[in-house]
Amino acid sequence: MDSTLACLAAWMPRQRWYAAKGRPPSLRLVSWWDLPPAASGPDPGGARVRTYLVADEGALPVVLYQIPVVERATETVDADPEHVIGSPEPGSTFIDGPFDDAYAHALLALVEEGGLAVGPQTTATGRPAPAAAPTGQRRVARVVSGEQSNTSLIYEGDGVPVICKVYRQLHAGLNPDIELQESLAAAGSGRVPTPIGWIEGAWPDLSTAHGVVHGSLAFAQEFLPGVEDAWRVALHAAARGEDFRRPAYELGAATADVHRGLAACFPTHAAGDADRSDTAAAWGRRLAIAIAEVPELGPQREAIESVYRRALDVPWPPLQRIHGDFHLGQVLHAPGRGWVLVDFEGEPLRPMSERVQPDLALRDVAGMLRSFDYVAGSLRLDDPDRSPEAVREWAAAARASFVDGYAATSGSDLDPRHPLLAALELDKAVYEAIYEARNRPTWVAIPLSAIARLVERPAPVV
């Protein structure tokens, strides 16, 4: 097993979902299980399909990874070298599971049929969703490109098209991606894809070294072929100078509709002093980090803190479950169906214990407002000769229409200058300044411009 861990440790840092960039992992094997071949899938050709759970103990806190592997005889391997993990033993080669049909079809069979259990402390059990339609047999599976935190496979052919997300970093408890979408679908919402099923696992508790915890391994749901996400729709519209006010209004209405559904499905509670204090402390911590890493923000510290203080002096709505990482890339435009929301995991860098707590629905609204700003900013970066006034006007109109649609559907008295919404948007822009300074310095002007705008505009009396 040492050779297997060494092989995985050499391969993992090159993967987009590996959390500790720039540092090699320090791995410990937690558990593993083998998946039987799918009856409706292709002949696995003598391959062994195995899933490893490995803990990176060099991270703080420890990160648990799910690594599906297809092991084949080296002479039979016909895979893209990019997806070859390595050879832990002479004569055998590991392939990253989602990129091999043997794993892809065994995975979906487990989602739909369930029944796999491996020992008292390690299980993987499929749970078909109650409302799922029969999916039939599928022969074609492909991996979605460009994902950061997980790996998703699309199955097309016979039956209902399906997309199955494999969670690479695991956490105890039901993933909110499953919990929220399944609840919304069960309540009759058409604003989320229909769940097909999910896989739950059990493994030894890493935090206490005693007992077992349960968590989510994968989630399959209806795939909507031939659709674009809202980022591409908005970017193309802005590039062509097309009026986006009506689509933005409808997106605001869809967002409010989902928030109403979540408030009906899960408990809410009034925002108390502790909630305000915790939120204000988080704003302050993020601002301190931003000023240390982005010196241009230093002179604006007092103005930023003034916006935060105004938000603490107005009434707050009840706290509820929210999307948690809402932006244009998390929404699909389905012809005949309108806007459909996906990826309810929350911010990947936040602990799971925080992601499942009730929060301010306006945090999602703020995230979408920032996303419209990024459409305008990215166009200016791609084409410096483009009129800055035109893209700013496009973004301002889209932002205002989105808020109008949200307010009309939610029944709230809301505009983009609302003190709490302004503070949440400002906090998001401060976070973006940190991210861009660390990862894309040429993009840092986008959040810095937004911060300057948000601290200068007057807030209305509430």
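Cut-offs and rules
Residues numbered from 1 in each chain as written. Predicted model: local features only at pLDDT ≥ 70, side-chain atom pairs only at ≥ 80, totals over all residues. Heavy atoms only, no water. Pairing = 2+ DSSP bridges. Helix = DSSP H or I, 4+ residues; strand = E, 2+ residues; numbered from the N terminus. Expected span 1.5 Å × (residues − 1). Buried < 20%, exposed > 50% of the residue type's maximum accessible area, 1.4 Å probe, protein only. Axes fitted to C-alpha atoms, helices over the stretch in contact; angles between N-to-C directions. Parallel < 35°, antiparallel > 145°, perpendicular 65-115°, else oblique. Left-handed = near helix turned anticlockwise from the far one by under 90°. Contact = heavy atoms within 4.5 Å. Salt bridge = Lys/Arg side-chain N within 4 Å of Asp/Glu carboxyl O.

1. Digging into the pairing of strand 15 (residues 331-334)
1) Next: Note: strand 14 (residues 228-229) against strand 15, 2 bridges, orientation antiparallel. Counted as the bridge partner of Asp229 is Leu332 from strand 15.
2) Next: With 4 bridges connecting them, strand 15 and strand 16 (residues 338-341) associate as antiparallel partners. Looking across to strand 16, one finds that His333 is bridged to Trp339.
3) Next: Count of turn residues in the strand 15/strand 16 antiparallel hairpin: 3 residues, of which Gly336 carries a positive phi of about 80°.

2. Examining the sheet that holds strand 14
Sheet strands pair via backbone hydrogen bonds, and the direction of the pair is either parallel or antiparallel.
1) Next: Spatially, the 3 strands line up as an open sheet ordered 14-15-16, and their pairing is antiparallel. The strands lining the two open edges of the sheet, one partner per strand, are strand 14 and strand 16.

3. Focus: helix 9 (residues 361-382)
1) Next: For helix 9, which comprises 22 residues, the first-to-last C-alpha distance of 33 Å matches the rise-based estimate of 32 Å (1.5 Å per residue) to within 8%.
2) Next: Judged by how many residues are buried, helix 9 sits mostly within the fold: 18 of 22 residues are covered.

4. Side note on the packing of helix 4 (residues 230-240) against helix 9
1) Next: Where helix 4 meets helix 9, the axes come as close as 10 Å, and the angle between the chain directions of the two elements is 50°. When the axes of helix 4 and helix 9 are compared, the pair comes out oblique. Judged by the twist between their axes, the crossing of helix 4 over helix 9 is right-handed. Contacts between helix 4 and helix 9 involve Trp231, Ala234, Leu235, Ala238 and Ala239 from the former and Ser371, Tyr374, Val375, Ser378 and Leu379 from the latter.

5. Some words on the pattern of salt bridges
1) Next: All told, the structure shown has 32 salt bridges when counted by the stated rule.
2) Next: Salt-bridge contacts for Arg370 lead to Asp373; the nearest nitrogen and oxygen are separated by 2.7 Å. A residue pair is termed a helical-turn pair when its members lie 3 or 4 positions apart in one helix, as Arg370 and Asp373 do in helix 9 at 3 residues.
3) Next: For the salt bridge of Arg453 with Asp373, the shortest nitrogen-to-oxygen distance reads 3.5 Å. Taken together, the positions of Arg453 in helix 12 (residues 445-456) and Asp373 in helix 9 put the pair 80 residues apart, joining distant regions of the chain.
4) Next: On the accessibility criterion, Arg453 (27% relative accessible area) is partly exposed.
5) Next: Residues joined by salt bridges that share partners form a network here, namely Arg370, Asp373, Arg399, Glu425, Glu432 and Arg453.

So far we have only geometry, and geometry alone does not tell us how the molecule works.
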